[in-house]
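# Analysis of the macromolecular model
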Amino acid sequence: FPVTIEVQVDNKVVRVLGTKINPINNQVKVDGEIIFSNLSKTYIAFHKPAGVLSTMSDPEGRSSLQDFFGSWPDRLFHVGRLDKESEGLIILTNDGTWAHEATHPSFGVKKTYLVLCENEVSSSQIDSLRKGVVLEDGLAKPLEVNRFGGWIELVIHEGRNQIVQIAFQTWV
């Protein structure tokens, strides 16, 4: 038996699959019953351990954020990423718009990385880092480079792949 379900947006019957709505501004009814959506936003500050991929799934089955948040009731977006062997703060949220604005370079959000160096870092290495590093897709120049004892603070506004790792790989 064919089943007919009537969906209305703002009291108009929807006849086109994939019709987009704004759950804040539009009223949705299914068979005359108003549907209320959960509009709460979730923001999670998570200390990503070394050895965990900054992704919600990995086809190779490696450890990922899915291991920690796979049963979360909402879809979560990771805000930025850290290399597999890096550890540190990563934010997860169900607010896709905010995640996009926080990570897309066009919004100019600063990202600060702290790197603990095993060996003493010379002034010439700091100066070299301030001039930028060459990545596969061109020069990446940090906004700031500061030294605090054995720690180097690197402030960037773009999240290009492996920018921090490549910046420090020649020092090892």
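## With respect to a nonpolar patch on the surface
- Judged by side-chain polarity, Val 3, Ile 5, Val 30 and Ile 35 come together as a nonpolar surface patch covering roughly 370 Å² of accessible area.
- Along the chain, the position of Val 30 falls in strand S3 (residues 28-30).
- Assessed through its relative accessible area of 31%, Val 30 is described here as partly exposed.

## A short note on the pattern of salt bridges
- Per the stated rule, a full pass over the model turns up three salt bridges.
- A salt bridge links Glu 60 to Arg 62; the nearest nitrogen and oxygen atoms lie 3.8 Å apart.
- In this structure, the salt-bridge partner of Arg 130 is Asp 127, at a minimum N-O distance of 3.6 Å. Of this pair, Arg 130 and Asp 127 both sit in helix H3 (residues 123-131), three residues apart, which is roughly one turn of the helix.

## Overview of the side chain of Lys 111
- By the secondary structure assignment, Lys 111 is in strand S8 (residues 111-116).
- A distance of 3.0 Å separates the side chain of Lys 111 from the backbone oxygen of Val 109, its partner in a polar contact.
- A polar side-chain atom of Lys 111 sits 3.4 Å from the main-chain carbonyl oxygen of His 157.

## A few points about the packing of aromatic side chains
- Within this structure, the stated rule accounts for four aromatic pairs.
- For the pair Tyr 43 and Trp 98, a centre-to-centre distance of 5.3 Å together with 85 degrees between the ring planes defines the contact as edge-to-face. With a gap of 55 residues between them, Tyr 43 in strand S5 (residues 43-48) and Trp 98 in helix H2 (residues 96-103) connect regions that are remote in the sequence.
- Cluster of aromatic residues (ring-pair linked, three or more members): Phe 46, Phe 68, Phe 69 and Trp 72.

## Details of the sheet that holds S3
- The antiparallel open sheet is built from four strands, whose spatial order is S2-S1-S3-S4. Two strands close off the open sheet at either side, each with one partner strand: strand S2 (12-13) and strand S4 (33-35).
- As judged from the two bridges shared by strand S1 (residues 7-9) and S2, these two strands associate in the antiparallel manner. Opposite Val 9, over in S2, you have Lys 12 as the bridge partner.

## Description of the confidence of the model for the protein
- When pLDDT is averaged across the protein, the result is 87; 94% of the residues are at 70 or more.
- Least confident of the elements in the protein is helix H4 (residues 163-169), whose mean pLDDT is 70; most confident is S5, at 96.

## Considerations on the layout of surface pockets
- Counted as a void, the second largest pocket has a volume near 320 Å³.
- Every residue lining the second largest pocket is counted, 13 residues in all, and those nearest its centre are Asn 38, Leu 39, Ser 40, Lys 41 and Asn 94.
- Taken together, the residues that form the lining of the second largest pocket break down as three nonpolar, six polar and four charged.

Thresholds applied
Residues numbered from 1 in each chain as written. Predicted model: local features only at pLDDT ≥ 70, side-chain atom pairs only at ≥ 80, totals over all residues. Heavy atoms only, no water. Patch = residues over 30% accessible without salt bridge, like charges linked within 9 Å, V, L, I, M, F, W, Y side chains within 5 Å. Areas by Shrake-Rupley, 256 points an atom, 1.4 Å probe, with all protein chains shown as cover. Salt bridge = Lys/Arg side-chain N within 4 Å of Asp/Glu carboxyl O. Helix = DSSP H or I, 4+ residues; strand = E, 2+ residues; numbered from the N terminus. Buried < 20%, exposed > 50% of the residue type's maximum accessible area, 1.4 Å probe, protein only. Polar contact = N/O pair within 3.5 Å; in protein donor to acceptor, adjacent residues only side chain to side chain. Phe/Tyr/Trp six-rings, centres within 6.5 Å; stacked < 30°, edge-to-face > 60°. Pairing = 2+ DSSP bridges. pLDDT = per-residue confidence, 0-100. 1 Å grid on protein atoms, 1.4 Å probe; cavity = no way out; pocket = protein on both sides within 12 Å on 5 of 7 lines; lining within 4 Å. Points joined across faces, edges and corners; volume = space filled by probe spheres on them. Nonpolar A, V, L, I, M, F, W, Y, C, P; charged D, E, K, R; others polar.

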